[in-house]
Amino acid sequence: AQSVSQHNHHVILSEAASLELGCNYSYGGTVNLFWYVQYPGQHLQLLLKYFSGDPLVKGIKGFEAEFIKSKFSFNLRKPSVQWSDTAEYFCAVSVSGTYKYIFGTGTRLKVLA
Amino acid sequence: DGGITQSPKYLFRKEGQNVTLSCEQNLNHDAMYWYRQDPGQGLRLIYYSQIVNDFQKGDIAEGYSVSREKKESFPLTVTSAQKNPTAFYLCASSMTGGTTEAFFGQGTRLTVV
């Protein structure tokens, strides 16, 4: 069965620090990859997605992620975090045609002003 | 505005009662989903529907039921058979299965009292 692992459950950073959140998936075929963010009191919204092509994808609010197929990874990065990035971040995987999005357990990020 | 509307935002239920959560979308999406979100467990798939009058069980379907009589509507019933129903429930939709991103509603927080 497909699964998604997010290694960091809670991360605390100071403003301007760099961020990297890990995401690994288990599936040997072609996958589509997503990072979603859930700000306090708001609905999940898409940060970025990867379907094919350049493995380095850029999303909203200065976030980017790199797909490394050999490592089954899709880590999220941001060079300099802001207090407003405090949120919960979810990595997700889908396989085309399966109609299932599999989510990781999430990472709660707290950015200290 | 296009989007997904879940109602109510908060719901209280007495043990032993069934309760139905509403989900409506005006995005003209074919696929719809129900997820359950619990702290530290991420999002777990309850049911999904690819087209009208068709739906499939997800990973944690026991104690839940759904219907898909209209393209825009995908209500979820939490039955008295669900042993631990207190949770945050998220409805989502996507244009096609897994090849595009999923869009999420604001969620319904169900509390069993």
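Details of the structure are given in the entry above.
Now for a quick tour of the structure. (Residues numbered from 1 in each chain as written. Chains lettered and ligands numbered in written order. Predicted model: local features only at pLDDT ≥ 70, side-chain atom pairs only at ≥ 80, totals over all residues. Heavy atoms only, no water.)

**Some remarks on the overall build of chain B**
Broken down by element type, chain B carries zero helices and 11 strands. The secondary structure elements of chain B, listed N-terminal to C-terminal, are β-β-β-β-β-β-β-β-β-β-β. Taking 2.2 N^0.38 as the reference for a compact globule, 113 residues should give roughly 13 Å; the C-alpha atoms of chain B span a radius of gyration of 13 Å, in line with that estimate. Viewed in the frame of its principal axes, chain B has a C-alpha envelope of about 35 × 30 × 25 Å. (Helix = DSSP H or I, 4+ residues; strand = E, 2+ residues; numbered from the N terminus. Rg over C-alpha atoms; globule rule 2.2 N^0.38 Å.)

**Structural notes on the side chain of B:Thr77**
All names here are of chain B. Turning to its location among the elements, Thr77 is positioned in strand 8 (residues 76-78). For Thr77, a relative accessible area of 19% gives the class buried. Polar side-chain contacts of Thr77 include one of 2.9 Å to the side chain of Thr20. The residues touching Thr77, leaving out its near neighbours within four places in the chain, are Asn18, Val19, Thr20, Gly63, Tyr64 and Ser65. (Buried < 20%, exposed > 50% of the residue type's maximum accessible area, 1.4 Å probe, protein only. Polar contact = N/O pair within 3.5 Å; in protein donor to acceptor, adjacent residues only side chain to side chain. Contact = heavy atoms within 4.5 Å.)

**Regarding the state of the cysteines**
Residues and elements named next belong to chain A. Applying the stated criterion across every chain yields a total of two disulfides over all chains. The residue that forms a disulfide with Cys23 is Cys91, at a sulfur-sulfur distance of 1.9 Å. Its torsion about the S-S bond being -65°, the disulfide of Cys23 and Cys91 is classed as left-handed. Taken together, the residues span a long stretch of sequence, with Cys23 in the loop between strand 3 (19-21) and strand 4 (24-26) and Cys91 in strand 10 (residues 87-94) at a distance of 68 residues. Given a relative accessible area of 0%, Cys23 falls into the buried group. Classification of Cys91 as buried rests on a relative accessible area of 0%. (Disulfide = S-S within 2.5 Å.)

**Digging into the nonpolar core**
Residue and element names in this part refer to chain A. Membership of the largest hydrophobic core comes to 30 residues, with the highest contact counts inside it found for Leu33, Trp35, Leu47, Leu48, Phe74, Leu76 and Tyr89. Looking at this core, the elements that each hand over two or more residues are strand 2 (10-14), strand 3, strand 5 (32-38), strand 6 (45-50), strand 8 (64-68), strand 9 (73-78), strand 10 and strand 12 (107-112). No other element matches strand 10, which puts four residues into this core. (Core = buried A, V, L, I, M, F, W, Y, C linked by side-chain atoms within 4.5 Å.)

**Examining the packing of aromatic side chains**
Any two aromatic rings considered together are summarised by their centre-to-centre distance and by the angle between their planes. Following the criterion strictly, the structure yields 17 aromatic pairs over all chains and no others. Note on B:Tyr35 and B:Phe104: the rings are 6.0 Å apart at their centroids and 45° apart in plane angle, and the pair reads as tilted. Of this pair, B:Tyr35 sits in strand 4 (residues 31-38) while B:Phe104 is found in strand 10 (residues 103-104), placing the two residues 69 residues apart along the sequence. Assessed through its relative accessible area of 6%, B:Phe104 is described here as buried. These aromatic residues form a ring-pair network of at least three members: A:Phe34, A:Tyr36, A:Phe51, A:Tyr101, A:Phe103, B:Tyr33, B:Tyr35, B:Tyr48 and B:Phe104. (Phe/Tyr/Trp six-rings, centres within 6.5 Å; stacked < 30°, edge-to-face > 60°.)

**Here we look at the environment of B:Ser49**
All names here are of chain B. In this fold, Ser49 is placed in strand 5 (residues 42-49). Among the residues examined, Ser49 registers a relative accessible area of 0% and is labelled buried. For the pair Ser49 and Asp30, spaced 19 residues apart in sequence, the C-alpha separation works out to 8.0 Å. Apart from residues no more than four positions distant in its own chain, Ser49 is found in contact with Asp30, Ala31, Met32, Asp54, Phe55, Arg68 and Phe74. Looking at Ser49, its side chain comes within polar contact range of the main-chain oxygen of Ile51, at 3.0 Å. In this structure the side chain of Ser49 is engaged in a polar contact, spanning 2.7 Å, whose partner is the side chain of Arg68.

Just distances and angles here, no functional claims.
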